[in-house]
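Examining the three-dimensional arrangement
Chain by chain, the residues run as shown.
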Amino acid sequence: MTHSLRMSASTVTDRPAGADVVPPDAATAGTAGPPTAAAWPGTVGPGDGGDTSVNDVSVIRVRGGARLCGTVHVVGAKNSALKLMAAALLAPGRTVITNVPRITDIAIMGEVLRRLGCAVRFEVDPAVDGPAAAHSRTVTIDVPERPGTEADYDLVRRLRASICVLGPLLARLGYVRVAHPGGDAIGSRGLDMHVAGLHRMGAEISGEHGFVIASAPGGLRGADIVLEFPSVGATENLVMAAVLARGVTTIDNAAREPEIVDICTMLTEMGARITGAGTATLTIEGVRELRPVRHATVGDRIVAGTWAFAAAMTRGDVTVTGVNPAFLEVALDKVVSAGGLVETRPDAFRVRMDRRPTAVDVVTLPYPGFATDLLPMAIGLASVSEGASLVTENIFDGRFMFANEMARLGADIKTDGHHAVVRGRDRLSGAPVQATDIRAGAGLVIAGLCADGVTEVSHVHHIDRGYPDFVADLRALGVEVECGRAPEEPDLTL
């Protein structure tokens with residue numbers, strides 16, 4: 001049988017012109033919320049007049065029937081850039097991270113670092129042109145000799161990734177107090193493995209008033225750690241703690257995601273001694289100090305996968321650039337099994353679907369398995385495919401929260417525990433729906449492209465947290481889309 005997936009021949013006082021400093025008004029504790037991408041100076045909106053940003057609105061409306069065609073560029077991975085910013089805390093001085101996505105979560109992490117005493121600025125990389133110039137930024141982080149040791153609740157609760165300041169601050173300063181994290185409503189994501197691993201390295205950890213408090217007065221020491229599950233967050237925190245610990249640390253059953261390799265690469269550039277990145281066993285030999293570096297963020301495989309499934313669902317023809325397709329091997333194989341044609345090169349791929357997709361089963365697993373973040377797109381594909389699909393979620397217990405919203409679009413979906421049976425329909429039906437998390441929001445918009453009439457997706461601030469210029473990309477691919485404000489809720493108080 002011929003396989004269609006073919007391989008063919010990665011406190012600033014001087015504000016430079018064009019730099020975006022994370023808005024200072026968000027730093028007023030207790031009075032202002034975290035920064036949003038809308039607050040970044042120079043935001044160009046997707047509206048016809050260019051004066052309205054998707055980040056300034058609360059709904060996205062799409063008209064069904066679009067066939068996505070064209071090229072879309074993917075910039076750095078959110079799930080990598082956030083942790084790279086935290087890793088900058090390990091070395092005093094100026095660290096520069098390029099290819100950083102221009103999204104709300106990055107702005108929030110910038111404010112987390114500012115409140116720890118770092119100077120943070122975002123600016124356009126003059127070496128970047130084309131779509132990447134609008135989608136990405138370069139972040140410069142000036143880390144003081146002694147950063148702060150407390151990450152505030154009002155920011156951390158909005159961004160789970162900020163828990164990753166725990167490892168580097170504990171390693172450098174011997175004490176840290178971090179608010180218990182929040183983030184997407186996709187199920188429980190405890191810190192047990194973070195805590196257990198740091199405890200084995202000699203840390204004393206307690207919790208009070210919503211904070212995780214860790215101390216290691218004598219410094220951390222190397223240890224043998226076995227993770228119960230290949231947790232990405234725990235792996236990242238433990239690696240960042242181990243690079244400055246005394247002795248050798250081994251982490252077995254470590255996460256293997258490309259984002260793990262990316263952070264290990266940056267840490268190695270900073271002077272860390274790490275072997276085994278991309279495998280299930282990491283070995284870290286602690287060093288006395290690290291140095292600041294300049295590092296480029298790896299391309300975002302989840303955003304790229306979103307566009308791959310969108311092309312398949314809309315029977316389109318989309319070329320995705322800026323990411324290594326090897327990071328999406330399982331996901332692209334699913335597209336091929338559904339009837340799509342996929343062509344790849346080292347930094348791009350093309351997906352073409354000429355007919356109605358065929359139903360395929362999907363099981364989410366840690367990398368290199370099918371990514372849980374692409375489950376909403378897999379559900380969307382199943383909803384318009386010919387036949388029935390069984391979708392199994394093994395990572396997060398709340399990932400199916402958006403199933404009711406898909407049902408409002410006419411999807412025939414029944415969930416039972418961590419399984420969903422989806423019977424495909426030729427067309428869905430446009431309706432008002434609500435995004436429940438980053439990936440669900442994007443998945444609902446894409447599903448709306450396969451529906452009759454207009455689909456209105458609210459709570460799109462979730463999408464802003466993971467997809468830079470999502471609406472602009474949709475328009476460039478031929479979608480009739482607009483942004484607006486949801487009607488105000490009536491006052492029902494007595």
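Figured I'd write up the structure that's included with this text. Just so you know, these numbers come straight off a predicted model, no measurement behind them.

What follows covers helix α10 (residues 329-337). Of all the residues in α10, the buried ones are A331, L332, V335 and V336. Along the axis of α10, the buried positions cluster into a sector of 145°, meaning they face one direction only. In the stretch just after α10, G339 is the one whose phi turns positive, near 110°.

Taken as a whole and assessed by the stated rule, the structure comprises 22 salt bridges. Across the salt bridge formed by E208 and R177, the nearest N and O atoms sit 3.7 Å from each other. Placement of the pair is E208 in strand β10 (residues 204-208) and R177 in strand β9 (residues 175-179), with a sequence separation of 31 residues. R352 is the salt-bridge partner of D354, the closest N and O atoms lying 3.3 Å from each other. Assessed through its relative accessible area of 54%, D354 is described here as exposed.

For E405, the position within the fold is in helix α12 (residues 403-408). One buried charged residue, E405, remains without a salt bridge, the closest side chain of opposite sign being R408 at 4.4 Å. Apart from residues no more than four positions distant in its own chain, E405 is found in contact with V433, Q434 and L444.

Okay, the packing of helix α1 (residues 78-87) against helix α8 (residues 258-269) next. Where α1 meets α8, the axes come as close as 9 Å, and the angle between the chain directions of the two elements is 25°. Judged by the angle between their axes, α1 and α8 are roughly parallel. Seen along the crossing, α1 lies across α8 with a hand that is right-handed. On the side of α1, the interface is formed by N79, S80, K83, L84 and A87, while α8 contributes E259, D262, I263, M266 and L267. Taken together, the residues of the contact of α1 with α8 sort by class into 5 nonpolar, 2 polar and 3 charged.

An order of β25-β27-β3-β28 is seen for the 4 strands of this open sheet, with the pairing classed as mixed. Pairing within the sheet leaves two strands with one partner each, and these edge strands are β25 (432-434) and β28 (481-484). Here the average twist between neighbouring strands, direction ignored, is 25°. As judged from the 5 bridges shared by strand β3 (residues 59-63) and strand β27 (residues 454-458), these two strands associate in the antiparallel manner. Bridge pairing in β27 links V62 to T455. Against the sheet, helix α13 (residues 438-448) touches β3, β25 and β27, its axis set at about 170° to β27.

The topology assignment puts D125 in the loop between β6 (119-123) and α3 (131-135). Here the alpha-carbon distance between D125 and T98, two residues 27 residues apart in the chain, equals 7.6 Å. Beyond its immediate stretch of four places on either side in the chain, D125 contacts T98, T138 and R294.

Rules and cut-offs
Note that residues are indexed from 1 along each chain, following the sequence as it is written. Only residues with pLDDT of 70 or above have their local features reported here, since the model is predicted, and side-chain atom pairs are shown and tallied only from 80 upward, although totals for entire chains, interfaces and linings are computed over all residues. With hydrogens and water stripped out, all remaining heavy atoms of the structure feed into the side-chain values. The buried label applies to any residue whose accessible area, calculated with a 1.4 Å probe on protein chains only, is under 20% of its type's maximum; exposed applies above 50%, and partly exposed to all values in between. A run of H or I in DSSP becomes a helix once it reaches four residues, and a run of E becomes a strand once it reaches two; helices and strands are each numbered from the N terminus. What the arc describes is the spread of directions from the helix axis to the C-beta atoms. For salt bridges, the criterion is a side-chain nitrogen of Lys or Arg within 4 Å of an Asp or Glu carboxyl oxygen. The charge count treats Lys and Arg as positive and Asp and Glu as negative. His and the chain ends do not count. Here a residue-residue contact requires only that any non-hydrogen atoms of the pair lie within 4.5 Å. Axis definition: a line fit to C-alpha positions, over the contact stretch in the case of helices; interaxial angles, taken between N-to-C directions, run 0 to 180 degrees. To sort the angles, those under 35 degrees are grouped as roughly parallel, those over 145 as roughly antiparallel, those from 65 to 115 as roughly perpendicular, and the leftovers as oblique. Left-handed describes a crossing whose near helix is turned anticlockwise from the far helix through less than a right angle; right-handed describes the clockwise counterpart. Residues are grouped as follows: Ala, Val, Leu, Ile, Met, Phe, Trp, Tyr, Cys and Pro are nonpolar; Asp, Glu, Lys and Arg are charged; all remaining types, including Gly, are polar. Strand pairing follows a simple DSSP-based rule, namely that at least 2 bridges must link the two strands.

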